[in-house]
Amino acid sequence: MQIYLKLIWAYLKIGIFGFGGGYAMLSLVEKSVVEPGWISESMFTDIVAISQMTPGPIGINSATYIGYVAPGNVIPELSGPLWGILGSILATLAVTIPSFFLVLYCSHFIRRHHESGVIKSIFNGLRPVVVGLIASAAIMLMNTANFNPQNISWQLYTNIAICAIAFLLAYFPIKTGKKAIKVHPILIIILAGTAGYIIYG
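Remember, it's a predicted structure, so these values are computed and weren't measured experimentally.

A. Expanded view of a nonpolar patch on the surface. Among the surface-exposed residues, Tyr68, Leu82, Ile85, Ile89, Leu93, Ile97, Phe100, Phe101 and Leu104 lie close enough to one another that they form a single nonpolar patch of about 920 Å² accessible area. Counting residues per element, the nonpolar patch draws most heavily on helix α5 (residues 81-113), which supplies 8 residues. Mapped onto the secondary structure, isoleucine 89 falls in helix α5.

Laid out in structure tokens, this is it:
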């Protein structure tokens, strides 16, 4: 049962210190769940991908999934669905409850003191930190598990090409006559999944 206490403690810390949303907290999540050996790095990257495709915030989705698989990975006797559901509930509550109360208090405090120079200075300091955390998450995901899990050269170049094409489609609008159309992220996910199935299936 100690694994559940560790899950709660890990996700309480993530919920309290995970500034900037799901992407910004990814490095903190990885440090909390991959380094102790609860899940592998490869599984972590798969969880990030699944969390991106499913509805809801990436932080909560990943907490639910990791809470389900971690107890069984650490203690084989806890690999049943009921133990997994218990882990999901505990991890999800642990990551959301601190954020809920922090946002509740901070919104009330900021509304009262939004003209304060101290509050403005704090946010001026937090903004670049959040950008840095999101950038670190992007760099963290550029690993072997994502781009070359089987150590095959052509797969590495193919995955880099898929990543580059997805970035270009998401960032640059496609010009058709006088209009510029941005490709919807859901369509990019579907196209990338289809390309992966055709190439690797």
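B. Broad picture of the packing of aromatic side chains. A complete count under the given rule lists 5 aromatic pairs for this structure. Ring geometry for tryptophan 154 and tyrosine 200: centres 5.9 Å apart, planes at 25 degrees, overall stacked. Taken together, the positions of tryptophan 154 in helix α8 (residues 153-171) and tyrosine 200 in helix α9 (residues 185-200) put the pair 46 residues apart, joining distant regions of the chain. A relative accessible area of 33% places tyrosine 200 in the partly exposed class. Geometrically, the ring pair formed by phenylalanine 167 and tyrosine 171 is stacked, given 5.5 Å between the ring centres and 10 degrees between the ring planes. Of this pair, phenylalanine 167 and tyrosine 171 both sit in helix α8, 4 residues apart, which is roughly one turn of that helix. Since its relative accessible area comes to 48%, phenylalanine 167 is described here as partly exposed. Aromatic rings pair up to connect Phe167, Tyr171 and Phe172 into one cluster.

Rules of the game
Residues numbered from 1 in each chain as written. Predicted model: local features only at pLDDT ≥ 70, side-chain atom pairs only at ≥ 80, totals over all residues. Heavy atoms only, no water. Patch = residues over 30% accessible without salt bridge, like charges linked within 9 Å, V, L, I, M, F, W, Y side chains within 5 Å. Areas by Shrake-Rupley, 256 points an atom, 1.4 Å probe, with all protein chains shown as cover. Salt bridge = Lys/Arg side-chain N within 4 Å of Asp/Glu carboxyl O. Helix = DSSP H or I, 4+ residues; strand = E, 2+ residues; numbered from the N terminus. Phe/Tyr/Trp six-rings, centres within 6.5 Å; stacked < 30°, edge-to-face > 60°. Buried < 20%, exposed > 50% of the residue type's maximum accessible area, 1.4 Å probe, protein only.

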